[in-house]
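Take a look at the letters that make up each chain.
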Amino acid sequence: MLLLRKNDLRDKIKVTKTFGEIPPVACYPSELNQAFMNILSNAIEAIDDTGEIKIQTAINGSNVRIVFSDTGRGIPPENNDQIFNPGFTTKGVGVGVGLGLAICYRIIQKHQGIISVESEEGQGTSFTIEIPIEAEVRTET
Ligand SMILES: Nc1ncnc2c1ncn2[C@@H]1O[C@H](COP(=O)(O)OP(=O)(O)OP(=O)(O)O)[C@@H](O)[C@H]1O
Ligand SMILES: [Mg+2]
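In this text the structure is predicted, and so the values were computed from the model without any measurement.

1. Some remarks on the site of ligand 1
Near ligand 1 there are 19 residues, and of these N42, T89, T90, K91 and L101 occur at the shortest range. Here N42 contributes a side-chain N or O atom positioned 2.8 Å from an oxygen atom of ligand 1. K91 is positioned such that a nitrogen or oxygen atom in its side chain is 2.6 Å from an oxygen atom of ligand 1. The fraction of the free accessible surface of ligand 1 (590 Å²) that becomes covered by protein chains is 90%. In this structure, ligand 1 is accommodated by the largest pocket. Residue assignment for the shell around ligand 1 shows that the elements contributing at least two residues are helix 2 (29-46), helix 3 (100-110) and strand 5 (124-132). In terms of residues, the shell around ligand 1 owes the most to one element, helix 2, which gives three residues. Considered class by class, the residues forming the shell around ligand 1 number nine nonpolar, eight polar and two charged.

2. A word on the layout of surface pockets
What the largest pocket holds in volume is close to 620 Å³. Together, 26 residues line the largest pocket, and N42, T89, T90, K91 and L101 are the ones closest to its centre. Of all the elements in the fold, those that place two or more residues in the lining of the largest pocket are helix 2, helix 3 and strand 5. Considering each element in turn, the lining of the largest pocket owes the most residues, six residues, to helix 2. Its residues assigned to classes, the lining of the largest pocket shows eleven nonpolar, eleven polar and four charged.

3. Observations regarding the sheet that holds strand 1 (residues 13-19)
Two modes of strand pairing occur in sheets, parallel and antiparallel, and in both the strands are linked by backbone hydrogen bonds. Judged by pairing direction, the sheet is mixed, and its five strands sit side by side in the order 1-2-3-5-4 without closing on themselves. Among the strands making up the open sheet, the edge pair consists of strand 1 and strand 4 (114-120). Between one strand axis and the next, the sheet turns by 10 degrees as a mean value, whatever way the strands run. Running at roughly 20 degrees to strand 3 (residues 63-70), helix 2 makes contact with strand 1, strand 2 (51-60), strand 3, strand 4 and strand 5 of the sheet. Contacts from helix 3 reach strand 4 and strand 5, with the element oriented near 140 degrees to strand 4.

4. Quick look at the nonpolar core
Membership of the largest hydrophobic core comes to 27 residues, with the highest contact counts inside it found for I39, I53, F68, I115, F127 and I129. Mapped by element, the contributors of at least two residues to this core are helix 2, strand 2, strand 3, helix 3, strand 4 and strand 5. Take this core: its biggest share by element is seven residues, from helix 2. Leave out the neighbours within four places in its chain, and I129 touches F36, I39, V64, R65, I66, F68, I108, I114 and I115.

5. Side note on the pattern of salt bridges
Counted under the stated rule, the structure contains four salt bridges. In this structure, K91 and E45 form a salt bridge, with 2.5 Å as the shortest nitrogen-oxygen distance. With K91 in the loop between strand 3 and helix 3 and E45 in helix 2, this residue pair connects regions lying 46 residues apart in the sequence. For K91, a relative accessible area of 32% gives the class partly exposed.

6. Thoughts on the pairing of strand 1
Note that strand 1 and strand 2 share seven bridges and pair parallel. Each residue of the ladder has a partner; that of I13, found in strand 2, is G51.

Reading the values: rules and limits
- Residues numbered from 1 in each chain as written.
- Chains lettered and ligands numbered in written order.
- Predicted model: local features only at pLDDT ≥ 70, side-chain atom pairs only at ≥ 80, totals over all residues.
- Heavy atoms only, no water.
- Near = heavy atom within 4 Å.
- Polar contact = N/O pair within 3.5 Å; in protein donor to acceptor, adjacent residues only side chain to side chain.
- Areas by Shrake-Rupley, 256 points an atom, 1.4 Å probe, with all protein chains shown as cover.
- 1 Å grid on protein atoms, 1.4 Å probe; cavity = no way out; pocket = protein on both sides within 12 Å on 5 of 7 lines; lining within 4 Å.
- Sits in = over half its atoms within 2 Å of the grid points.
- Helix = DSSP H or I, 4+ residues; strand = E, 2+ residues; numbered from the N terminus.
- Nonpolar A, V, L, I, M, F, W, Y, C, P; charged D, E, K, R; others polar.
- Points joined across faces, edges and corners; volume = space filled by probe spheres on them.
- Pairing = 2+ DSSP bridges.
- Axes fitted to C-alpha atoms, helices over the stretch in contact; angles between N-to-C directions.
- Contact = heavy atoms within 4.5 Å.
- Core = buried A, V, L, I, M, F, W, Y, C linked by side-chain atoms within 4.5 Å.
- Buried < 20%, exposed > 50% of the residue type's maximum accessible area, 1.4 Å probe, protein only.
- Salt bridge = Lys/Arg side-chain N within 4 Å of Asp/Glu carboxyl O.

In C-alpha cells:
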C-alpha cells in the first residue's frame, strides 16, 4: 500500500512504521487495504510542506489496534462530527469527493470495529482503528 503511494511521498514525508506483533485476524483484506489507503491518502494530502506519518499496530485487549498519525494541518473542531459523512469534503470541487472516510467507516463497521479521530488544528491528526481479533467474518456469496 505504501508502494502505491511512493510517488506522492517524494522526499517530503517521513513514514515511520512500528508494527507490534499481532495475531492473524479474520478479515476482508482488500477492503481493509482500501480503508488504510484512504486514511493514508488524507494524511498525505494534509501535509503541505514536509511532515511525518506514523503507522502503529498493537494488540489492545481482544482487539488489534492500528493508529495512523500525521503532522498535517489538522481538522477544525467544527468539522469533527462530519468527516465520516458521505460527501463531506473540504478539498473543493473536482478535488475531493468526500467518500474516503465514509467508505473507511463502513469497512471498519463490517469488521465489527471502531474508528475514531483525534486532531489538533495546525498540529496533526490521528486515526485509531480497533478490530476484534475474533471478528465474525462471513464469506460473501
Ligand atoms: N488526516 C487528515 N488531516 C486533515 N484533515 C483530514 C484528514 N483526513 C480527513 N480530513 C478531512 O476530512 C474530510 C473528508 O475526508 P474524506 O477522505 O472522506 O474525503 P476527501 O479526502 O475530501 O475526498 P476523497 O477521499 O473522496 O477524495 C477531508 O476533506 C478533510 O477536510
Ligand atoms: Mg480522502
